[in-house]
Amino acid sequence: MLLTITTTHRPATDLGYLLHKNPARAQSFEVSFGKAHVFYPEASEACCTAALLLDVDPVGLVRARRGAPGEGASLAHYVNDRPYAASSFLSVALAKVFGSGLAGRCAARPDLAEAVLPLKARLAAAPCRGGEALLRRLFEPLGYRVSARQHPLDEEFPEWGESALFAVELEGECRLRDLLAHLYVLIPVLDDEKHYWVGEAEVEKLLRHGGDWLVAHPERDTIARRYLRRRSRLVRDALARLAEEDDPDPDETAEARATEEGAAEDRIGLNDLRLGAVAAALRSAGARRVLDLGCGEGRLLEVLLRDRAFEEIVGVDVSHRALSAAAGRLHLDRLPAVQRERIRLVQGALTYRDRRLAGYDAAAVVEVIEHLDPARLAAFERVLFECAAPRAVVITTPNAEYNVRWESLPAGTLRHHDHRFEWTRAEFRSWAGGVAGRFGYVARFLPVGPEDPEVGAPTQMAVFGRGDGVEGAA
Ligand code: SAH
């Protein structure tokens, strides 16, 4: 069983610090099912590869199972693909040998543990039960470029056809700890056959290593089901706890918001003003292919769809319920084909890199950032301005100063119970200005709604353009 991890970050030998394994030395570790060896086939300034070679002892494994009921020592116990096919054994070895890397600990170089690096992982032989399609569905949403080559059953006898094993290569830019966590969880999922007892402890492991990315993974149900060997109670438990980690109930939140926040703001038609202002900003940026991130029930999508200037419109939201409300509002099932082809709804979270968001002219993020946990804002910034990186970005958020003008709003409260924060104009400018500076954009600020001389307008809007472009350069 062979896993290699390569980086071209400079100096590439930093990989040694992250894995807590000296590139100059080969090391071996005992694991309960055999031996794990770590060595570096290459370690130069420009490119460094660490290899984890797992030497599984199939005979030892059978002996260790001595006495298990109904486990006669059949030939298959001795002759099988365990020594070379990536499986949960590899995950166990990974956690044992690269435990610090997996936990993101790097006392010598803490900055490195948080650094996003160009990384490539290769699995010499991974059983993909579910085929290459599943492999892609598992890794592509995490931002990897995936390539897979199916091994023939026997190179000498091509007529025997393909085996169930693939040589897999995953390439992406992320923190090493993320790559290790993705492999730790997803290798057994690919194999779909955990070789040891699955109990409560496995739920903890799944949450520990998947907690921050699994919530938003489009295949999270399949992942939890396979990881936990289809033990339905454990799967239910894990999925419920995963959902809690993100939002107690994104669907309910989206629904409640529509009524609660809407009631106060609708009195001044703020919602329509806001959508008009955002659509105008997108148009004047010359955008044709646009994203509406956190599209909710699709009110902006509806406006954009009416305007032929927008040729491709994609609504993204974390809440399935909001998306199905949007599909209803837009009558997606009844749209004529030419209209239907212009619009798409996609489920996804804005705090996770998502390659589906790359390559658009502009993105609108309307009344969404205040719903994000402040600790996740930095992740959101990178997802939007670094990974999706559209030419123009339009963001709106409540102006907290204006709240004193809402008669129905008790002093000091937020406009909506799910808002994690509401910013003053100065706070929004300072955040947006910082983001623009860090990611090479220029930000302009515009008020939306009736402007009060003292506290400003109820909604604040920032329009970001690329620093080198025309838009926003004013
Ligand atoms: N833009 C819409 C909805 C705003 S409400 C409008 O103006 O009407 C905020 C929306 O953001 C909700 O639909 C919520 O489900 C979504 N949301 C919150 N956190 C999110 C996240 N991390 N990723 C994607 N969508 C999110």
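The following paragraphs examine the structure supplied in this document. Please read these numbers as outputs of a predicted model, since none were measured by experiment.

Topic: the overall build of the protein chain
Point 1. Scanning the protein chain from terminus to terminus reveals 18 helices and 14 strands.
Point 2. Looking at the protein chain as a whole, 51% of its 474 residues are labelled buried.
Point 3. Contacts in the protein chain between residues at least 24 apart in sequence constitute 73% of all its contacts with a sequence separation of at least 6.
Point 4. About 21,200 Å² of surface is accessible on the protein chain, with carbon and sulfur atoms providing 52% of the total.

Some words on the sheet that holds strand β1 (residues 2-7)
Point 1. Taken together, the 7 strands give an open sheet; going across it, the order is β2-β3-β4-β1-β5-β7-β6, and neighbouring strands pair in antiparallel fashion. Bordering the open sheet on either side are β2 (27-31) and β6 (145-152), each of which pairs with just one other strand. Each strand axis lies, on average, 15° off the axis of its neighbour in the sheet, ignoring direction.
Point 2. By the bridge criterion, 8 bridges tie strand β3 (residues 34-43) to strand β4 (residues 48-56) in an arrangement that is antiparallel. Considered in β4, the bridge of H37 is made with L53.
Point 3. Its contacts with the sheet place helix α7 (residues 131-139) against β6 and β7 (162-174), and it is angled at close to 155° to β6.
Point 4. The strands touched by helix α8 (residues 176-191) within the sheet are β1, β5 (117-127) and β7, with β5 carrying the most contacts at an inclination of about 15°.

Some remarks on the environment of A277
Point 1. Its location among the elements puts A277 in helix α13 (residues 270-284).
Point 2. C-alpha of A277 to C-alpha of G449: the two residues are 172 residues apart in sequence and 9.4 Å apart in space.
Point 3. Setting aside residues up to four positions removed in sequence, A277 forms contacts with V448 and M461.

Considerations on a nonpolar patch on the surface
Point 1. Where nonpolar side chains cluster on the molecular surface, the patch consists of L153, F157 and W160 and spans about 320 Å² of accessible area.
Point 2. Counting through the fold element by element, L153 comes out in the loop between β6 and β7.

As for the side chain of D354
Point 1. Position of D354 relative to the elements: it lies in the loop between β10 (343-347) and β11 (362-366).
Point 2. Residue class for D354 comes out buried when judged on its relative accessible area of 11%.

Concerning the pattern of salt bridges
Point 1. Counting across every chain of the model gives 28 salt bridges.
Point 2. Here K35 ties to E30 by a salt bridge, and the two come within 3.6 Å at their closest N and O atoms.
Point 3. Where E312 meets R344, a salt bridge forms, and the shortest distance between an N and an O atom there is 3.3 Å. Placement of the pair is E312 in strand β9 (residues 312-317) and R344 in strand β10, with a sequence separation of 32 residues.
Point 4. Each member of the salt-bridge network shares a partner with another, and the members are E114, R175, R177 and D178.

Observations concerning the nonpolar core
Point 1. Of all hydrophobic cores here, the largest spans 72 residues; its most connected members are L3, L52, L54, F139, L176, L179 and L186.
Point 2. Considering every element that reaches this core, the biggest residue donor is α8, with 11 residues.
Point 3. Filtering out sequence-adjacent residues up to four positions away, L186 remains in contact with L138, F139, L142, W213 and I223.
Point 4. One finds I369, L377, A388 and V393 within the second-largest nonpolar core, a separate group that totals 32 residues.

Section: helix α18 (residues 425-439)
Point 1. Helix length check: α18 (15 residues) gives 21 Å between terminal C-alpha atoms against 21 Å at 1.5 Å per residue, within 8%.
Point 2. Three or more residues of α18 are buried, namely F428, W431, A432, V435, A436 and F439. For α18, the arc enclosing every buried residue in end-on projection is 130°, short of the 170-degree limit, so these residues lie on one face. Residues of α18 that are exposed and point over 90 degrees away from its buried face: A426, S430, G437 and R438.
Point 3. If you follow the buried residues of α18, they end up packed against α17 (377-388), β12 (392-398), β13 (441-448) and β14 (459-466).
Point 4. The positive-phi residue at the C-terminal boundary of α18 is G440, with phi of around 80°.

Quick notes on the rules
- Residues numbered from 1 in each chain as written.
- Predicted model: local features only at pLDDT ≥ 70, side-chain atom pairs only at ≥ 80, totals over all residues.
- Heavy atoms only, no water.
- Helix = DSSP H or I, 4+ residues; strand = E, 2+ residues; numbered from the N terminus.
- Buried < 20%, exposed > 50% of the residue type's maximum accessible area, 1.4 Å probe, protein only.
- Contact = heavy atoms within 4.5 Å.
- Areas by Shrake-Rupley, 256 points an atom, 1.4 Å probe, with all protein chains shown as cover.
- Pairing = 2+ DSSP bridges.
- Axes fitted to C-alpha atoms, helices over the stretch in contact; angles between N-to-C directions.
- Patch = residues over 30% accessible without salt bridge, like charges linked within 9 Å, V, L, I, M, F, W, Y side chains within 5 Å.
- Salt bridge = Lys/Arg side-chain N within 4 Å of Asp/Glu carboxyl O.
- Core = buried A, V, L, I, M, F, W, Y, C linked by side-chain atoms within 4.5 Å.
- Expected span 1.5 Å × (residues − 1).
- Arc of directions from axis to C-beta.

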